[in-house]
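Here's the letter readout for the chains.
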Protein chains: 2
Amino acid sequence: MNRARLDDRLADLETDGYLIDASQDDANQLYLSGFTGPDPFLTLYADGEIHVLVGGLEYGRAKKEATADAVERHADYDYEYGGREERNDMYAAFVRDKGVESVSMPPRGPVGTADALRERGVEVAVDADDRIREARAVKTDEEVDAIREAQRANEAAMRAAEELIAGADVAGEDVPADGEDDPADGEIEPGTLLHDGEPLTSERVTEEIEVTLLRHGCALDQTIVAGGAQAADPHDRGSGALRANEAIIIDIFPRSKATKYNADMTRTFCVGEPSERLREWYDLTERALDAALDAVEPGATGEDVHAAACEVYEDAGEPTFRTDPETETGFIHSTGHGVGLDVHESPRLASGGEELEPGHVITVEPGLYDPDVGGVRIEDIAVVTEEGYENFTEYPIEFVVG
Amino acid sequence: MNRARLDDRLADLETDGYLIDASQDDANQLYLSGFTGPDPFLTLYADGEIHVLVGGLEYGRAKKEATADAVERHADYDYEYGGREERNDMYAAFVRDKGVESVSMPPRGPVGTADALRERGVEVAVDADDRIREARAVKTDEEVDAIREAQRANEAAMRAAEELIAGADVAGEDVPADGEDDPADGEIEPGTLLHDGEPLTSERVTEEIEVTLLRHGCALDQTIVAGGAQAADPHDRGSGALRANEAIIIDIFPRSKATKYNADMTRTFCVGEPSERLREWYDLTERALDAALDAVEPGATGEDVHAAACEVYEDAGEPTFRTDPETETGFIHSTGHGVGLDVHESPRLASGGEELEPGHVITVEPGLYDPDVGGVRIEDIAVVTEEGYENFTEYPIEFVVG
């Protein structure tokens, strides 16, 4: 955590303090408290100090683990497994104990706690800017190293997936004269990728990716292995048999179990002969990636980087949201996003995207989509530096495999 | 989903509708919308109908997948990647479009959305009872089957863990006369469990559990593999080398990737010779489990079931929260909890726990803890039936393994 930056971002609050009520699943909470509590707990920033309040069962671990300045437990406020009203009384007492009569809460903080504090005379304002999220966007060297380490696990998982796909047989090829050994006999359609004689499915590749991530100390959120028309929907996670000659998008975003930081990378593969159109798309997307990366430097905005990717596509006649906000084909998402404790966080590389600063860790991920053609996306992860950027993706960019 | 029960729970709202703003990570949202949206989206219950509002990229999938009665997209409210105020305007328009001027939100709904709707004249009340959570507590047969299926994966993972532990060598045993082949040579302390000549760690066992869960279609949240003094802290996930003669608690709570329903089970193992005290604890805990299960039937309360477990311990002179609310050793947690889309949900088997109903899926998990002795916990998962309960845990209860 960059404490100076956090203090700076919270310096001009119009309230006495900043309150988070969430479990470790909330990245703001994890950042501010430094504690992996599985159940919701309170963290209060007031007078430059960070105070955590947890239940008795978590107290020992929180005292050891939390990076907060002070850890208290429910018993300090004479609360012992009481009802909802007693719990809210404790929350108000905890806040007031720090001399705080008004707090800011992030937009996604719980309305139940906000209203309960209001009923008890504590003023609650919504921090619409989500300042802790903004503070999180700029990483320390230690945070960048944590993301880099998760990216190494990511690359091991991508390699396992690529090997499975590149090593696949194709049903209907090499059919012997008598046809008897044709693996496409029965239910398997010609062109289907085969692994050990069985159709190679998105689910099988996903399993291989996720097992590899676990073996490398990462947990997983969701993985995308989508081929053919499925790949044309950027949110489709993919299912069923994969096929030759189609583009297969693999998007992996693991989270380190130890550090809780994420990585993110996408590659697109094809076994066999992609269509001319898919080849053009792949080349264009690689150029869009390079153009966007070239635009990354301190002072450039996320909008600038997005524009650089859009221009490559627009010059080639492909639709983007800039040329047609209603389009359902072409480049239909933003160019990238910040990565940290959340896999999607600030800054945004999109229309309206903010100015880039050294320490921003970002993805750059242009892509083209059309259900009649398929989908192509290439995504690298990089950190903005004083001079420009450092791309810490070490995975090759190669379309046709196998 | 039991729609009749849901309608019943929402019938006496004092507001016109019930609003959820959350991603699929929120179990209430997943239940009400039936949609696995990765980003927060709105679901409104009004006049007995469930309406979902998603962005354009999610619209196709939401229309196919959501169990809601109607799916709309942002473009239906002329919203296209605008700012925060425009988004909140859209939310208010979506609500008003259904004739709704006042909504209830769950206690953990986002205060940002609640306050933005209030600013736009929509009344927002906090549903302190968390009615959708309450509705979720009673499962349909289909939901019970989903949990049962996750439990089968859980048992496969437990078996993999048990085999790893039971198959371990013990450092310092079988030392040959010249001592040269003693695996305890060097850094390894005598008594350490060994796998392939290396210390068997909590992390290694956890990895085996998690890989097995993945191979069985389950994702994982967190797994506990804690031995010795670590096992005495019910929230310690465990780390480092496991040892002979100590109690090793393994608590696994997987989530089916397909259905999103969880299972939950704990076993305690020992390689070698447990102390007399640990043996007594294990027998007591098995008796507490039986006594608690015997108390499970419709009409009994969660408090009754908890009392049945407590009495076994108290009769044996072990402290519980009932005899000493401040105790840090003994039976220091509740007897169990509901399991469903959340791994911890209603009902609570604890002081103040509510009346049990057929369809409640619950854990029963008594345990004893003391850093000087270790920890023992045994946890089964069962469904409350008209007649009593059905325990659908098929894993044996056995302490000494290997």
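Going by the structure above, here's the rest.
The rules behind each value
Residues numbered from 1 in each chain as written. Chains lettered and ligands numbered in written order. Predicted model: local features only at pLDDT ≥ 70, side-chain atom pairs only at ≥ 80, totals over all residues. Heavy atoms only, no water. Contact = heavy atoms within 4.5 Å. Buried area = accessible area lost by both parts, 1.4 Å probe. Salt bridge = Lys/Arg side-chain N within 4 Å of Asp/Glu carboxyl O. Polar contact = N/O pair within 3.5 Å; in protein donor to acceptor, adjacent residues only side chain to side chain. Helix = DSSP H or I, 4+ residues; strand = E, 2+ residues; numbered from the N terminus. Nonpolar A, V, L, I, M, F, W, Y, C, P; charged D, E, K, R; others polar. Pairing = 2+ DSSP bridges. Phe/Tyr/Trp six-rings, centres within 6.5 Å; stacked < 30°, edge-to-face > 60°. Lys NZ or Arg CZ within 6 Å of the ring centre and 35° of its normal. Core = buried A, V, L, I, M, F, W, Y, C linked by side-chain atoms within 4.5 Å. Buried < 20%, exposed > 50% of the residue type's maximum accessible area, 1.4 Å probe, protein only. Least-squares fit on C-alpha atoms with pLDDT ≥ 70 in both. Lys, Arg positive; Asp, Glu negative; His and termini not counted.

A.B. asks: What exactly am I supposed to notice about the interface of chain A and chain B here?
C.D. replies: How big an interface is tends to be stated in terms of accessible area lost as the parts join. With 49 residues of chain A at the contact, the number on the chain B side is 49 residues. Between chain A and chain B the total buried area reaches about 3,800 Å² when both faces are included, carbon and sulfur atoms providing 46% of it. Of all residues in chain A, A:Leu57, A:Arg108 and A:His235 give up the largest surface area on contact with chain B, accounting jointly for 17% of the area buried on that side. Across the salt bridge formed by A:Arg118 and B:Asp115, the nearest N and O atoms sit 2.6 Å from each other. Across the contact surface, chain A and chain B share 20 residue pairs in polar contact (both at pLDDT 80 or more). Taken together, the elements giving at least two residues each to the side of chain A that touches chain B come down to β1 (17-22), α3 (56-65), α5 (111-119) and α8 (202-215) of chain A. A per-element tally of the side of chain A that touches chain B places α8(A) first, with eight residues. Grouping the constituent residues of the side of chain A that touches chain B by class yields 19 nonpolar, eight polar and 22 charged.

A.B. asks: I keep staring at the sheet that holds strand β9 (residues 198-199) of chain B and nothing clicks. Help me out?
C.D. replies: Strand pairing in a sheet relies on backbone hydrogen bonds, with the paired strands running either antiparallel or parallel. Residue and element names in this part refer to chain B. Reading across the sheet, the three strands line up as β7-β8-β9 and stay open at both edges, with antiparallel pairing between neighbours. If you trace the sheet from one side to the other, it starts and ends with β7 (169-170) and β9, each paired once. As judged from the two bridges shared by β7 and strand β8 (residues 193-195), these two strands associate in the antiparallel manner. When the bridges of β8 are listed, Asp-169 appears paired with Leu-194.

A.B. asks: Would you explain the packing of aromatic side chains in this entry?
C.D. replies: In this description, a pair of aromatic rings is defined by centroid distance and the angle of the planes. Residue and element names in this part refer to chain A. Tallied over the full model, the rule gives eight aromatic pairs over all chains. Ring centres of Tyr-77 and Phe-94 lie 6.0 Å apart, and the angle between their planes is 90°; on these two criteria the pair is classed as edge-to-face. Taken together, the positions of Tyr-77 in the loop between β4 (70-73) and α4 (84-97) and Phe-94 in helix α4 put the pair 17 residues apart, joining distant regions of the chain. The side chain of Arg-148 reaches across the aromatic face of Phe-392, ending 5.1 Å from its centre.

A.B. asks: Help me understand the nonpolar core, please; the structure alone is not making it clear to me.
C.D. replies: Within soluble globular proteins, side chains that are nonpolar generally end up buried alongside one another. Core analysis: the biggest nonpolar cluster contains 56 residues, and A:Ile165, A:Leu193, A:Val205, A:Ile250, B:Leu193, B:Val205 and B:Ile250 have the highest contact counts within it. Contacts of B:Val205, omitting those with residues within four sequence positions, involve B:Ala161, B:Leu164, B:Ile165, B:Leu200, B:Val225, B:Leu242 and B:Ile250. Counting residues in each nonpolar core, the second largest holds 40 residues, with A:Tyr91, A:Ala92, A:Val100 and A:Met105 among its members.

A.B. asks: Help me out: how do you make sense of the relation of the copies chain A and chain B in this one?
C.D. replies: Mapping between the two copies of the chain is achieved by a rotation about an axis and a shift along the axis. Rotating chain A by 180° and translating it 0.0 Å along the rotation axis places it on chain B, where the RMSD comes to 0.0 Å. Put plainly, the chains are arranged around a two-fold axis. In terms of proximity to the rotation axis, the leading residue of chain A is A:Val111, whose C-alpha is 2.1 Å off the axis. The fraction of interface residues of chain A whose copies in chain B are also interface residues reaches 100%, indicating that both copies meet through the same surface.

A.B. asks: Would you mind showing me how to read the side chain of A:Asp370 here?
C.D. replies: Residues and elements named next belong to chain A. Relative to the elements of secondary structure, Asp-370 occurs in strand β18 (residues 367-370). With no salt bridge to any partner, buried Asp-370 finds its closest opposite charge in Arg-277, at an N-O distance of 5.0 Å. In this structure the side chain of Asp-370 is engaged in a polar contact, spanning 2.9 Å, whose partner is the backbone nitrogen of Asp-372. Once you skip the residues sitting within four places of it in the chain, Asp-370 turns out to touch Ala-232, Trp-281 and Thr-329.

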